[in-house]
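A structural walkthrough
For reference, the chains in residue letters:
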Amino acid sequence: MINEAAATCPLCGNDNLCGIKEVLTGGTCWCMNKAERMPQELLERVPPDKRRQSCICQACYTAYMREARSREAQ
Ligand SMILES: [Zn+2]
């Protein structure tokens, strides 16, 4: 069941551009094609009531990866 919430990033509230709709019709989503899995730490930032309901958007994922990398560099 696809609803409005599933198309919204649980972290920033923007359209997550997830390809779930396309997946259902044979397409794929960026979040399934990326090399690394969604980091657990990022998933844990999603409010519990919103977990497993919608995808984190690519912008939040990219921002997190940048943040994690700069943390490692220190
Ligand atoms: Zn987002």
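The coordinates are above.
Quick summary incoming for the structure in this document. All of these numbers come straight from a predicted model, not from anything done at the bench. (Residues numbered from 1 in each chain as written. Predicted model: local features only at pLDDT ≥ 70, side-chain atom pairs only at ≥ 80, totals over all residues.)

1. Description of the overall build of the protein chain
- Along the protein chain, the regular secondary structure elements total four helices and zero strands.
- Each helix (α) and strand (β) of the protein chain, taken in turn from the N terminus, gives the series α-α-α-α.
- In the protein chain, which comprises 74 residues, the proportion classed as buried is 14%.
- For the protein chain, long-range pairs separated by at least 24 residues make up 56% of all intrachain contacts whose partners lie at least 6 apart in sequence. (Helix = DSSP H or I, 4+ residues; strand = E, 2+ residues; numbered from the N terminus. Buried ≥ 20, exposed ≤ 12 C-beta atoms within 10 Å, placed from the backbone. Contact = placed C-beta atoms within 7 Å.)

2. Looking at the environment of Cys18
- By the element assignment, Cys18 lies in the segment before α1 (20-24).
- It is 6.5 Å that separates the C-alpha atoms of Cys18 and Cys55, two residues lying 37 residues apart in sequence.
- The residues contacting Cys18, other than those within four sequence positions of it, are Ala7, Cys29, Cys31 and Cys55.

3. Let's talk about helix α4 (residues 58-73)
- Taking 1.5 Å of rise per residue, 16 residues should cover 22 Å, and α4 covers 22 Å from first to last C-alpha, within 8% of that figure.
- α4 sits mainly on the outside: one of its 16 residues count as buried. (Expected span 1.5 Å × (residues − 1).)

Purely geometric numbers; function is a separate question.
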